[in-house]
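So the chains spell out like this:
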Amino acid sequence: QVQLVESGGGLVQAGGSLRLSCAASGGTFSSYAMGWFRQAPGEEREFVARISRSGGGTYYEDSVKGRFTISRDNAKNMVYLQMNSLNPGDTAVYYCAASGRLYITTIPQGYAYWGQGTQVTVSS
């Protein structure tokens with residue numbers, strides 16, 4: 001059983017930056033690919049980014065490519081999402097998730113463990 005706790009959300013102006021963190025416990029962190037998803041009010045949860053177990057491979061949703069960077073520190077059981085050039089369309093609750101699947105998956109069903117989410121609000 002893996003427990004995930006996100007932090008780092010908040011209110012930021014358009015064009016600003018935030019760094020989200022996700023602390024993992026209760027499992028072998030390096031055994032899981034990690035992902036970030038987000039969910040805006042009234043919308044479905046959508047994929048944002050994924051990082052492989054080793055951290056050597058990353059994959060992004062098109063709208064965040066070049067603005068967001070996912071990274072992980074297996075020694076600290078942490079995964080991060082650096083978000084730059086934020087715009088109001090990025091406003092959502094952001095979730096960290098862990099996947100035991102070896103292939104890239106961008107659907108929520110591909111992730112077995114989830115954090116509680118952290119709110120990101122971008123003002124115009």
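Within every chain, residues take consecutive numbers counted from 1 along the sequence as written. Local features in this predicted model are restricted to residues whose pLDDT is 70 or higher, and side-chain atom pairs enter the listing and the counts only when it is 80 or higher, whereas totals over whole chains, interfaces and linings include all residues. Think of the side-chain values as coming from all heavy atoms in the structure, minus any hydrogens and water.

1. Here's the deal with the state of the cysteines
Counting rule for disulfides: a pair of cysteine sulfur atoms within 2.5 Å. Enumeration according to the criterion identifies one disulfide in this entry. Disulfide pairing places Cys22 opposite Cys96 at an S-S distance of 2.1 Å. Handedness of the Cys22-Cys96 disulfide follows from its S-S torsion of about -75 degrees: it is left-handed. Taken together, the positions of Cys22 in strand β3 (residues 18–25) and Cys96 in strand β9 (residues 92–99) put the pair 74 residues apart, joining distant regions of the chain. Cys96 shares its class with Cys22; the two are buried. A run of H or I in DSSP counts as a helix once it spans at least four residues, and a run of E counts as a strand once it spans at least two, with each numbered from the N terminus. A simple rule labels every residue: compare its accessible area, found with a 1.4 Å probe on the protein chains alone, to the largest value its type can have, and call it buried under 20%, exposed over 50%, or partly exposed in between.

2. Some details on the sheet that holds β3
Taken in spatial order, the four strands make up an open sheet running β1-β3-β8-β7, and their pairing is antiparallel. Looking at the sheet topology across the chains shown, the edges are occupied by β1 (3–7) and β7 (68–73). Each neighbouring strand pair of the sheet contributes to a mean axis angle of 15 degrees, computed without reference to strand direction. Strands were regarded as paired on the criterion that DSSP finds at least two bridges between them. Where β7 and strand β8 (residues 78–83) come together, six bridges link them in antiparallel fashion. Its bridge partner being in β8, Ile70 is matched across the sheet by Leu81. To get an axis, fit a line to the C-alpha atoms, keeping to the stretch in contact for a helix; angles then go from 0 to 180 degrees between the N-to-C directions.

3. Some points on unusual backbone geometry
One non-glycine residue, Asn77, lies in the positive phi region at around 60 degrees. By relative accessible area, Asn77 is classed as partly exposed at 23%. A positive phi angle is found at Ser85, which is not glycine, with a value near 50 degrees. Its relative accessible area of 44% is what places Ser85 among the partly exposed residues.

The quantities given are spatial measurements derived from coordinates; they are silent on function.
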